[in-house]
Amino acid sequence: MTRHFLRDDDLTNAEQSSILDLAVELKRDRFSARPLAGPQTVAVIFDKSSTRTRVSFAVGIADLGGVPLIISTANSQLGGKETAADTARVLERQVAAIVWRTFAQSGLEEMALGTTVPVINGLSDEFHPCQLLADLLTIREHRGQLAGLTVTFLGDGASNMAQSYLLAGATAGMHVRVASPVDYAPTDAVVADARRAAEKTGGSIALYSDPTEAVAGADVVVTDTWVSMGKEEEKAERLTTLGSYRVDTDLMGLAARDALFLHCLPADRGFEVTADVIDGPQSVVWDEAENRLHAQKALMAWLLQQ
Ligand code: CP
Ligand code: NVA
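Scope of this entry: the structure provided in the associated data block. Here the structure is a predicted model, which means the values were calculated and not measured.

## Considerations on the sheet that holds strand β3 (residues 97-101)
The four strands lie next to each other as β2-β1-β3-β4, forming an open sheet whose pairing is parallel. Every interior strand has two partners, whereas the edge strands, β2 (67-72) and β4 (119-121), have only one. Averaged over all pairs of adjacent strands, the angle between their axes in this sheet comes to 20°, without regard to strand direction. Of the pairings in the sheet, the one linking strand β1 (residues 41-46) to β3 comprises five bridges and is parallel in character. Paired with Phe 46 across the strands is Arg 101, a residue of β3. In the packing of helix α4 (residues 105-113) onto the sheet, the strands contacted are β1, β3 and β4, and the crossing angle to β4 comes to about 170°.

Written as structure tokens, this is what we have:
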């Protein structure tokens, strides 16, 4: 049966771990896997802007022996005149896989139901699972393990990044803490799913409103923009409400002494993180951005083998 990657908990702990192992191997020996040789084409569709996702998928598909077909929905029929299901039926006859960055998660589900080729979530309003594979790879590289580590996400707890940390971190056996104002808390359904995943792996989930409590002793500190794509109209309100969740050196000082700082980028220095943190010695954001390439190549190679 075709496997898709629409949310982080589509993978078991063992599957997540073997994809990360393959990513390490592909990082060491970049052109050692050629599952797209032919060359086969992968469609990479964008309803929203992107730098990292666009570049890392285009380069990764080429590295795997294939050809990326980058499609902007602004000048395609998808979204306006044509459904995701019909688009999927057209694409599956010609491409090996579909990557889609979109708004509602339900669009990805419709696309996946309608096709026999793997569909990969390149970011939705709810989740950013490809970014989490890169983040987990980065943490593993710097700490040698994932299970048992404590990771704290601060800021917009209802964002795709926070919700993906809950699911992916729990799947990896991590202790995931999310600190946010009550109006920006992750959805109950995602928290419940993350708790179920954590029960199987020995991880845990904890929600906080106080950023200092949430960060105390953490091995990894993470934040993301306070104004995700699609939320621009709420910008003024968000900058006010989320103001006390800024990651600065004082807050980092409460985490473990050698805690890592991660941010998926793009970053708004001075808002969710200060320049001295993101550009400082604990920040691994450039490794994290590079690891999109290696992690997604491993994901595509793995999905194409199922
Ligand atoms: N982190 C991330 O997904 O970046 P882009 O929006 O540039 O793709
Ligand atoms: N949460 C951000 C991530 C950008 C990569 C957004 O959705 O805009």
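Additional details are given in the paragraphs that follow.
## Side note on the site of ligand 1
Taken together, Ser 50, Thr 51, Arg 52, Thr 53, Arg 101, His 128, Gln 131, Cys 264, Leu 265 and Arg 292 make up the full set of residues adjacent to ligand 1. With respect to ligand 1, the side chain of His 128 contributes an N or O atom lying 2.9 Å from an oxygen atom. One nitrogen or oxygen atom from the main chain of Cys 264 is found 2.9 Å from a nitrogen atom belonging to ligand 1. Notes on ligand 1: free accessible area 250 Å², of which the protein chains cover 96%.

## What about the sheet that holds strand β7 (residues 204-208)?
Pairing is parallel across the open sheet formed by five strands, whose spatial order is β7-β6-β5-β8-β9. Lying at the two open borders of the sheet, with one neighbouring strand each, are β7 and β9 (260-263). Taking the axes of each pair of neighbouring strands and ignoring which way they run, one obtains an average angle of 20° across the sheet. Here four bridges tie strand β5 (residues 150-154) to strand β8 (residues 220-223), and the two strands are oriented parallel to one another. Pairing of Val 151 across the sheet is with Val 220, part of β8.

## A few points about the environment of Met 174
Position of Met 174 among the secondary structure elements: in the loop between α6 (160-171) and β6 (175-179). Given a relative accessible area of 0%, Met 174 falls into the buried group. Ignoring sequence-local partners within four residues, the contact set of Met 174 consists of Leu 136, Ile 139, Leu 146, Gly 148, Leu 149, Val 151, Gly 169, Gly 203 and Ser 204.

## A word on α4
Along α4, the residues classified as buried are Gln 105, Gly 107, Leu 108, Met 111 and Ala 112. In an axial view of α4, the angular spread of the buried residues amounts to 155°, which keeps them on one side of the axis. Next to the buried residues of α4 lie β1, α3 (84-91), β3 and β4.

## Let's talk about helix α12 (residues 285-305)
Counted at 1.5 Å a residue, the expected span for α12 with its 21 residues is 30 Å, and the 30 Å between its end C-alpha atoms agrees. Bending of α12 peaks at approximately 35° at the position of Asn 291.

## Brief notes about the environment of Leu 113
Within the secondary structure layout, Leu 113 lies in helix α4. Put simply, Leu 113 and Arg 89 are 24 residues apart on the chain and 9.9 Å apart in space, counted from C-alpha to C-alpha.

## Concerning the nonpolar core
The biggest cluster of nonpolar side chains holds 59 residues, and the ones touching the most others in it are Tyr 165 and Met 174. Among the nonpolar cores identified, the runner-up in size contains 19 residues, and Ala 214, Val 221, Ala 259 and Phe 261 belong to it.

## Section: the packing of aromatic side chains
For the structure shown, the criterion picks out two aromatic pairs. A centroid spacing of 6.4 Å and a plane angle of 40° characterise the contact between Phe 153 and Tyr 165, whose relative ring orientation is tilted. In this pair, Phe 153 is assigned in strand β5 and Tyr 165 in helix α6, connecting sequence segments twelve residues apart. Pair check on accessibility: Phe 153 and Tyr 165 agree, each one buried.

## Here we look at the site of ligand 2
Every residue lining ligand 2 is accounted for by Leu 123, Asn 160, Asp 224, Thr 225, Ser 228, Met 229, Cys 264 and Leu 265. Between ligand 2 and the protein, one listed contact pairs a nitrogen atom with a side-chain N or O atom of Asn 160 at 2.8 Å. Met 229 is positioned such that a nitrogen or oxygen atom in its backbone is 2.8 Å from an oxygen atom of ligand 2. Relative to its unbound accessible surface of 270 Å², ligand 2 loses 94% to contact with the protein. Residue composition of the shell around ligand 2, by class: four nonpolar, three polar and one charged.

What counts, and at which threshold
- The residue numbers shown here count from 1 along each chain, following its written sequence.
- Throughout, the order in which chains and ligands are written sets their labels, letters from A for the former and numbers from 1 for the latter.
- In keeping with the predicted nature of the model, local features appear solely for residues at pLDDT of at least 70, side-chain atom pairs appear and are counted solely at 80 or more, and the whole-chain, interface and lining totals rest on all residues.
- Hydrogen atoms and water are omitted, and side-chain values are computed over all heavy atoms in the structure.
- Strand pairing requires that DSSP identify at least two bridges connecting the strands.
- Each helix is a run of H or I in the DSSP string that is no shorter than four residues. Each strand is a run of E no shorter than two, and both are numbered from the N terminus.
- Every axis in this analysis is a line fitted to C-alpha atoms, fitted for helices over the stretch in contact. Angles between the N-to-C directions lie between 0 and 180 degrees.
- By definition in these notes, contact holds between two residues if any of their heavy atoms fall within 4.5 Å.
- For this purpose, a residue is taken to be near a molecule or strand whenever a single non-hydrogen atom of the residue falls within 4 Å of it.
- Polar contact criterion, stated in full: a pair of N or O atoms within 3.5 Å, where within protein one must be able to donate a hydrogen and the other to accept it, and residues adjacent in sequence count only if both atoms are side-chain atoms.
- Surface exposure here means Shrake-Rupley accessible area, sampled with a 1.4 Å probe, where a residue is shielded only by the protein chains that are shown.
- Each residue is placed in one exposure class: buried if its accessible area under a 1.4 Å probe, protein chains only, is under 20% of its type's maximum, exposed if it is over 50%, and partly exposed if it falls in between.
- Each C-beta atom gives one direction from the helix axis, and the arc is the one those directions make.
- An expected span of 1.5 Å times one less than the residue number is assigned to each helix.
- One axis fitted to the seven residues ending at a residue, another fitted to the seven starting there: the angle between these axes is the bend at that residue.
- The term nonpolar core refers to a set of buried residues drawn from Ala, Val, Leu, Ile, Met, Phe, Trp, Tyr and Cys, joined through side-chain atoms within 4.5 Å.
- Two rings from Phe, Tyr or Trp (for Trp, the six-membered ring) form a pair when their centres are within 6.5 Å of each other. A pair whose planes differ by under 30 degrees is stacked, one over 60 is edge-to-face, and the rest are tilted.
- For this classification, the nonpolar set comprises Ala, Val, Leu, Ile, Met, Phe, Trp, Tyr, Cys and Pro, the charged set comprises Asp, Glu, Lys and Arg, and every other residue, Gly included, is treated as polar.

Shape descriptors only; they carry no functional weight alone.
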